[in-house]
Amino acid sequence: MTAEAPLIPRQKTSSREDQPHLRREISLLGLVATAVAAMVGVGVNILPFMVQRSQPGIGRWVPLAYLVAAVPAVLAALCYAALVSAMPRAGGSYVNVSRALNPFAGFIASFSQWFGLCMAMGVVAYFLVPVIRDLLAVAGMIKASATLDLIVPRLWVSLLSIWLAWLVNLLGIRLYERSVVLMAAMTMVAPIIMTAAGVLSSPQTSLMKLRTADMVPLPPVAMPRMTLAIFLGTACVLFSSFIGFDAVAQAAGEARHPGDLARAIMIAIGGVTAYYICFTWSVYHAIPAEYIYRVSLVHDISAPGLMAPLLPRWLSLTILASVVVAIIKVLPAVTMANSRTLYAFSADGILPRAFSRIHARFRTPPYALTVTAIVASLCVLGCNLAGDFFLGVDLLVVSMLVNFLLMAGALLKFPLVNPDLHKQITFLKSRKAQVSIAIVAILLLGALLIVQIVSDVSSTAPWYLKSTTSWIVVMSAACVLFWRFWTRLTGKELDPRAQIFGDLPPE
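Residues numbered from 1 in each chain as written. Predicted model: local features only at pLDDT ≥ 70, side-chain atom pairs only at ≥ 80, totals over all residues. Heavy atoms only, no water.

Draft legend 1. Structural detail: the overall build of the chain. Each helix and strand counted, the chain has 24 helices and 2 strands in total. The principal-axis extent of the C-alpha atoms belonging to the chain is close to 75 × 50 × 40 Å. Per-residue burial for the chain yields a buried fraction of 59% across its 507 residues. Look at the contacts in the chain between residues 6 or more apart in sequence, and 84% of them connect residues 24 or more apart. When the accessible surface of the chain is split by element, carbon and sulfur atoms take 69% of a total near 19,900 Å². (Helix = DSSP H or I, 4+ residues; strand = E, 2+ residues; numbered from the N terminus. Buried < 20%, exposed > 50% of the residue type's maximum accessible area, 1.4 Å probe, protein only. Contact = heavy atoms within 4.5 Å. Areas by Shrake-Rupley, 256 points an atom, 1.4 Å probe, with all protein chains shown as cover.)

The following block contains the structure:
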């Protein structure tokens, strides 16, 4: 930090002239790009194919599992859109649930989200490296490509990507928006090419080309049979691909026009759902699921890596470069969203004031950004130590299912808890529609959470590598943090519900 641009603590005052504040500069395009950037990356380029390893037997049913996972995701998006239209403030789910349901529920929802998305950042950074490896291999840089399968180079590349995302966010929301919009536009190249190639390819011809290109012998194993448990487990894993639209709500305090928030959420979730299903169907049409399953047992795989042997070299390089950008762009979007959660905690007094300090020049919260990057870096270390990433994915799924359930509960109880704010809803105004969507969302999201927990608890992994126990340990520590905050306020004879959580935070 420089002497010319000191950090100034955010004070709870309505004077916009006396203090630095978050700038309302993100356009509708920037909000949509933020959601797309947070969703489209590892979720579609890697998970639908690596899921063959974690859910053996799913085979060619992946596109249908995507469709099933999309239903609760879209319902959760509707709940988010309705709530954020009434409460356009930084912090998203924290502000929404704390004002519409309960302060403690709001903290649990958003801390769960923050923790899960930090895990997601680590997983994304960890899986960026195999795609760079495939790019170098197709470019003919075989030795450099092989180096990235080693632990130390993979670790350093992953950590560098996280801290570059931190720097982009630190330097201001304008740079962030321009970077994310540009990268989102660049990433449209690969999906178009791979979808077209998948639709036009013959499975028999593709298999011959793939076998010719294989440099590593594949294990001669048969793919297990698909069961209902495998299908539902796959839907839970793929549900994580839709997580990211909530980044729009986290950035609500910086939207140029608050009415754009709900529109951005629905545009993003609708477009991404259609894309996921079409894209995965086209790849599984071109490449037999049995082959993908066997390759996943040998090493980490990605869609461009699978499709590269079917295309001319220049096209393979194009799609791999595009997908590298697609994965990188997730990191600044999620970093921005997660830092605003810590900012909102600090603004209400749950965390120290440092987290809501705004840089006088860049108008960004540097301490909140830095802590988010540190936790994501720790997840990268965990992925490297474990040699896998599915624990991070499972933690993300559990965390976000809890978050989405509480958001749906907030929409259901909103008019009873805070009738004045409820009247400010501008999206999904019909109370009957709100109740119907919230109830169905709770039922479907609850069912997915049960499936996820049962699958996790019944696994053979040690307790410390189970997502459920890890989530409980982290959230127990979070509960202690909130309890200390609440008792401190009530000890001062304050009424937190009325004096802090009865209205929206100042901008």
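Draft legend 2. Broad picture of the pattern of salt bridges. Overall, the coordinates contain 5 salt bridges when judged by the stated rule. In this structure, the salt-bridge partner of Asp134 is Arg133, at a minimum N-O distance of 3.1 Å. Exposure remark for Asp134: the relative accessible area of 14% places this residue in the buried category. Owing to a relative accessible area of 7%, Arg133 belongs among the buried residues under this scheme. With a shortest N-O distance of 2.7 Å, Asp260 and Arg263 are connected by a salt bridge. Taken as a pair, Asp260 and Arg263 lie in helix α14 (residues 260-286) at a separation of 3 residues, close to a single helical turn. Given a relative accessible area of 8%, Asp260 falls into the buried group. (Salt bridge = Lys/Arg side-chain N within 4 Å of Asp/Glu carboxyl O.)

Draft legend 3. How the structure looks around the state of the cysteines. Inspection of every chain in the model, using the stated rule, returns 0 disulfides. Cysteine Cys118 shares no disulfide, and the gap to the nearest cysteine sulfur, in Cys379, comes to 8.5 Å. Looking at Cys236, it has no disulfide partner, and the nearest cysteine sulfur is the one in Cys79, 18 Å off. (Disulfide = S-S within 2.5 Å.)

Draft legend 4. Geometry of the packing of aromatic side chains. What the rule picks out here adds up to 21 aromatic pairs. Between Tyr94 and Phe345 the ring centres are 4.9 Å apart and the planes differ by 90 degrees, which places this aromatic pair in the edge-to-face class. In this pair, Tyr94 is assigned in helix α5 (residues 93-100) and Phe345 in helix α18 (residues 330-348), connecting sequence segments 251 residues apart. For the pair formed by Tyr94 and Phe345, the shared burial category is buried. One aromatic cluster in this structure is built from Tyr94, Phe104, Phe107, Phe111, Trp114, Phe345, Phe482, Phe485 and Trp486. It is Arg60 that lies over the ring of Trp61; its NZ or CZ is 4.7 Å from the centre. Arg154 extends its terminal NZ or CZ atom over the ring of Tyr126, reaching a point 3.7 Å from the ring centre. (Phe/Tyr/Trp six-rings, centres within 6.5 Å; stacked < 30°, edge-to-face > 60°. Lys NZ or Arg CZ within 6 Å of the ring centre and 35° of its normal.)

Draft legend 5. Spotlight on helix α3 (residues 47-54). Most of α3 is tucked away, with 6 of its 8 residues classed as buried. For α3, the complete set of buried residues consists of Leu47, Pro48, Phe49, Met50, Val51 and Gln52.

Draft legend 6. Quick peek at the environment of Trp483. Checked against the element boundaries, Trp483 lands in helix α23 (residues 467-491). Of the residues examined, Trp483 reaches a relative accessible area of 57% and is grouped as exposed. For the pair Trp483 and Ile350, spaced 133 residues apart in the sequence, the C-alpha separation amounts to 9.5 Å.

Draft legend 7. Structural detail: helix α6 (residues 103-138). With 36 residues, α6 should cover 52 Å at 1.5 Å per step; its first-to-last C-alpha distance of 52 Å lies within 8% of that length. N-capping of α6 is provided by Asn102, with a side-chain oxygen placed 2.8 Å from the backbone N of Phe104. The first or second residue beyond α6 is Gly140, which carries a positive phi of 90 degrees. (Expected span 1.5 Å × (residues − 1). Polar contact = N/O pair within 3.5 Å; in protein donor to acceptor, adjacent residues only side chain to side chain.)

Draft legend 8. Molecular detail of the packing of α6 against helix α17 (residues 313-328). One can describe the packing of α6 onto α17 by two numbers: an axis separation of 9 Å at closest approach and a directional angle of 165 degrees. Between α6 and α17, the crossing angle belongs to the class labelled roughly antiparallel. Taken as a pair, α6 and α17 cross one another with a handedness that is left-handed. Contact residues: α6 offers Val124, Phe127, Leu128, Val131, Ile132, Asp134, Leu135 and Val138, while α17 offers Arg313, Ser316, Leu317, Leu320, Ala321, Val323, Val324, Ile327 and Ile328. For the contact of α6 with α17, the residue count by class is 14 nonpolar, 1 polar and 2 charged. (Axes fitted to C-alpha atoms, helices over the stretch in contact; angles between N-to-C directions. Parallel < 35°, antiparallel > 145°, perpendicular 65-115°, else oblique. Left-handed = near helix turned anticlockwise from the far one by under 90°. Nonpolar A, V, L, I, M, F, W, Y, C, P; charged D, E, K, R; others polar.)

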